[in-house]
Amino acid sequence: QVQLVESGGGLVQAGGSLRLSCAASGRTFSSYAMGWFRQAPGKEREFVAISWSAGATIYAGSVKGRFTISRDNAKNTVYLQMSSLKPEDTAVYYCAGGIQASVRPEMYNYWGQGTQVTVSS
């Protein structure tokens, strides 16, 4: 069983930056694919970024070049550095862990509780 706890959300002006953290329990963190997803009011949960256990990463087109996912396996933590934030980035951000990396949220076994990110114009 893996438990995920996000932190680092908040209110920021457009153009600003935030770093989200997701701390995982369990000794098998390094073998899991870790993803960040987000969900805005009235919208479906969408893929933001994924880090494979071996370190490869992919990003949604809407955040590529602005967001960076990274992981520290020694600390069982995955990060999402967000820069040049836009009002349309406003959402609840969730981290997820799973055996298989996927842009489909239903493929992930473990989820955090979510952290709110609000970008004001």
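In this report, the structure presented in the accompanying data block is examined. Because the structure is a prediction, the values reported are computed rather than measured.

### Points about the environment of Cys95
Link 1 in the chain: Within the fold, Cys95 resides in strand 9 (residues 91–98).
Link 2 in the chain: For Cys95, a relative accessible area of 0% translates into the label buried.
Link 3 in the chain: Sequence separation between Cys95 and Val48 is 47 residues; the distance between their C-alpha atoms is 9.8 Å.
Link 4 in the chain: Here Cys95 is in contact with Leu4, Glu6, Cys22, Gly35, Trp36, Tyr110, Trp111 and Gly112, once residues within four sequence places are set aside.

### Description of the nonpolar core
Link 1 in the chain: Counting 35 residues, the largest nonpolar core has Leu4, Trp36, Val48, Phe67, Leu80, Met82 and Tyr93 as the members making the most contacts within it.
Link 2 in the chain: For this core, the elements supplying multiple residues, two or more each, are strand 3 (18–24), strand 4 (33–39), strand 5 (46–51), strand 7 (67–72), strand 8 (77–82), strand 9 and strand 11 (115–120).

### Topic: the sheet that holds strand 8
Link 1 in the chain: Pairing is antiparallel across the open sheet formed by four strands, whose spatial order is 1-3-8-7. Each having just a single partner strand, strand 1 (4–7) and strand 7 make up the two edges of the open sheet. Ignoring strand direction, the axes of neighbouring strands in this sheet form an average angle of 15°.
Link 2 in the chain: Across six bridges, the pairing between strand 3 and strand 8 is antiparallel. In the strand pairing of strand 8, Ser21 is matched with Tyr79.

### Quick look at the environment of Arg19
Link 1 in the chain: Along the chain, Arg19 falls in strand 3.
Link 2 in the chain: Separated by eleven residues in the primary sequence, Arg19 and Gly8 have C-alpha atoms spaced 5.9 Å apart.
Link 3 in the chain: If sequence neighbours within four positions are ignored, Arg19 has contacts with Ser7, Gly8, Tyr79, Leu80 and Gln81.

### What about the packing of aromatic side chains?
Link 1 in the chain: Applying the stated criterion to the full structure yields six aromatic pairs.
Link 2 in the chain: With centroids separated by 6.3 Å and ring planes inclined at 80°, the aromatic side chains of Tyr94 and Trp111 adopt a geometry described as edge-to-face. Placement of the pair is Tyr94 in strand 9 and Trp111 in strand 10 (residues 110–111), with a sequence separation of 17 residues.
Link 3 in the chain: Residue class for Tyr94 comes out buried when judged on its relative accessible area of 14%.
Link 4 in the chain: By the ring-pair criterion, three or more aromatic residues cluster together here, those being Phe37, Phe47, Tyr94, Tyr108 and Trp111.
Link 5 in the chain: Cation over ring: Arg45 sits above Tyr94, and NZ or CZ is 3.8 Å from the ring centre.
Link 6 in the chain: The ring centre of Phe29 lies 4.9 Å from the NZ or CZ of Arg71, which sits over that ring.

### Quick look at the pairing of strand 4
Link 1 in the chain: Within strand 4, six of the seven residues are buried, which leaves it mostly tucked inside the rest of the structure.
Link 2 in the chain: As judged from the seven bridges shared by strand 4 and strand 9, these two strands associate in the antiparallel manner. In the strand pairing of strand 9, Trp36 is matched with Cys95.
Link 3 in the chain: With five bridges joining them, strand 4 and strand 5 adopt antiparallel strand pairing. Across the sheet, the residue bridging to Phe37 is Phe47, located in strand 5.
Link 4 in the chain: In textbook terms, the turn of a hairpin is the stretch between consecutive antiparallel strands, and for strand 4 and strand 5 this stretch comprises six residues, one of which, Gly42, has a positive phi near 75°.

Analysis parameters
Residues numbered from 1 in each chain as written. Predicted model: local features only at pLDDT ≥ 70, side-chain atom pairs only at ≥ 80, totals over all residues. Heavy atoms only, no water. Helix = DSSP H or I, 4+ residues; strand = E, 2+ residues; numbered from the N terminus. Buried < 20%, exposed > 50% of the residue type's maximum accessible area, 1.4 Å probe, protein only. Contact = heavy atoms within 4.5 Å. Core = buried A, V, L, I, M, F, W, Y, C linked by side-chain atoms within 4.5 Å. Pairing = 2+ DSSP bridges. Axes fitted to C-alpha atoms, helices over the stretch in contact; angles between N-to-C directions. Phe/Tyr/Trp six-rings, centres within 6.5 Å; stacked < 30°, edge-to-face > 60°. Lys NZ or Arg CZ within 6 Å of the ring centre and 35° of its normal.

Coordinates in, geometry out; function isn't part of it.
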